[in-house]
Amino acid sequence: MTSPTARRSHDREILALAVPAFGALVAEPLFLMADSAIVGHLGTAQLAGLGTASAVLTTVIGVFVFLAYATTAAVARRIGAGDRRAAVQQGVDGIWLALLLSAGLVLLTVALAPQATALLGASPTAAPHAVTYLRISALGIPAMLVVLAATGVLRGLQDTRTPLLVAVAGFAANAVLNLGLVYGAGLGVAGSAWGTVLAQNAMAAAYLVVVVRGARREGAGLRPDAAGIRACARAGGPLLVRTLSLRAVLLIATAVAATLGDAEIAAHQITMTIWSFVAFALDAVAIAGQAIVGRYLGAGDVAGTRAATRRMVEWGIGAGLLLGLLIVLARPLYVPLFTADPAVRAELGTALLLAALTQPVGGVVFVLDGVLMGAGDGGYLAAAMLATLVVFAPAALAVPGLGGGLAALWWAMNLFMLTRAFFLVLRVRTGRWLVTGAVRA
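Sequence positions are assigned chain by chain, starting from 1 and proceeding in written order. For a predicted model such as this one, the threshold for reporting local features is a pLDDT of at least 70, and the threshold for listing and counting side-chain atom pairs is 80 or more; totals across whole chains, interfaces and linings nevertheless cover every residue. Side-chain measures were taken over the full set of non-hydrogen atoms in the model, leaving aside hydrogen atoms and water.

1. Looking at the packing of aromatic side chains
- When two rings of Phe, Tyr or Trp (its six-membered ring) have centres within 6.5 Å they constitute a pair, described as stacked for plane angles under 30 degrees, edge-to-face for angles over 60, and tilted for the intermediate range. Scanning all chains against the criterion turns up five aromatic pairs.
- For the ring pair W275 and W410, a centre distance of 6.3 Å and an interplane angle of 75° mean the geometry is edge-to-face. On the criterion of sequence distance, the pair formed by W275 in helix 10 (residues 262-298) and W410 in helix 17 (residues 405-430) is long-range, its members being 135 residues apart. Like W410, W275 is buried.
- When the centroid spacing of 5.4 Å and the interplanar angle of 65° are considered together, the rings of F422 and F423 count as edge-to-face.
- Cation placement over rings: the criterion is NZ of Lys or CZ of Arg within 6 Å of the ring centroid and within 35° of the ring normal. In this structure, R295 is placed above the aromatic ring of Y296, and the distance from its NZ or CZ to the ring centre is 5.2 Å. Helix and strand definitions here come from DSSP, where helices need a minimum of 4 consecutive H or I residues and strands a minimum of 2 consecutive E residues; each element is numbered from the N-terminal end. Here the term buried applies to any residue with accessible area under 20% of the maximum for its type, exposed to any over 50%, and partly exposed to those in between, with areas from a 1.4 Å probe on protein chains only.

See below:
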């Protein structure tokens, strides 16, 4: 049984990491919101083009979020082991991996921009704007991947405040640059893309200044190290599989909703927007879990790891209950902001209730996902997410044939969350993830 003093200590540690992490997570989608608000005044075709291009770009970058996750765990372990120099060196290797990956991504995105936007169904009027935005934005991919890796470095160093400051400054710069280039310089959609690229590069530069200073202070090397980069890639590989499986679940859900009708797909998108926003709060605790668990295991403190995990699960369940109630009780406030269509609102009623129902389960899922990432248990996370996809896909794909409608699809989404919870809880109970040391063998 954890003492009240120990619980308070864990609470302070969780809050110190999770609150700034939440702020940084919320700041990220504000980039797109600012772009949409500014470009929206240019016309419907321009806004549609921006939406299509952003969907492609978000998917491409989202696949490589393992650069943050794997780096956080590896750096935190070395911090726990008391080797700050090796921790910073691991972070530098992660940044080099990000730069190497980005080179090919830029070329592919520029070359395949027309095909990618066509695949997402861009209309003839929106397609030229989508291609323009996507090709210019591709130049910001190296900066975006560097930001992911550098954010992982700082989280591993138990610093989530710097990413918050950089994210807020980046959002402000993005908004000012977009206004100036779209309207002041008259560049239209291209101006919005250039403004975002410039803001992203400024963020990457700020991160690099922090990391380089830390490397020089600790005596870590700045040159690329092949062995270190390979180690980062090996750690990130399983997390890439996990992320791709998760993306497949979300794409299947959207594809199924699209077959149900216009009202259903509209209601599904609104529900997913709320579900995703709420996930930021739960993900903030997961980020704290990555950093805290990695540090405890690096220090060889199994008892501390278990105690911190229990406390974070309690936080996750409590936050999930609160957020679930908020989704239900705040519907009169936020639903009118999305739609006035009675048919869409009718579909939203049940979908939002079902989304709210599993928020406490989601709290457990997000926390344990972060805990196992912090432990470097990527292989299990990849296998568990693949198994979850195998359970979810038949259930979701059967919805149109069975005539279940959007409610049935969201029951399938809840099955997805319950299955994830089952696999994660099962793993944590075995204790096989509790591998101590500066490097996970």
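Right, picking up where we left off after that structure.
2. Structural notes on the environment of L134
- Position of L134 relative to the elements: it lies in helix 5 (residues 127-137).
- Spatially, the C-alpha atom of L134 lies 7.5 Å from that of T109, the residues being 25 residues apart in sequence.

3. Side note on empty space enclosed by the protein
- Grid spacing is 1 Å over the protein atoms alone, the probe is 1.4 Å, and a cavity is where that probe fits but cannot get out, while a pocket is an open set with protein on both sides within 12 Å along at least five of seven lines and lining residues have an atom within 4 Å of a point. Grid points are joined across faces, edges and corners, and a volume is the space filled by probe spheres set on the points. Applying the stated criterion to the full structure yields two cavities of 30 Å³ or more.
- There is about 60 Å³ of room inside the largest cavity.
- Along its surface, the largest cavity is lined by R242, D369, L381, A384, M385, T388, R420, F423 and L424.
- Broken down by secondary-structure element, the contributors of at least two residues to the lining of the largest cavity are helix 15 (378-397) and helix 17.

Read these as geometric descriptors, not functional statements.
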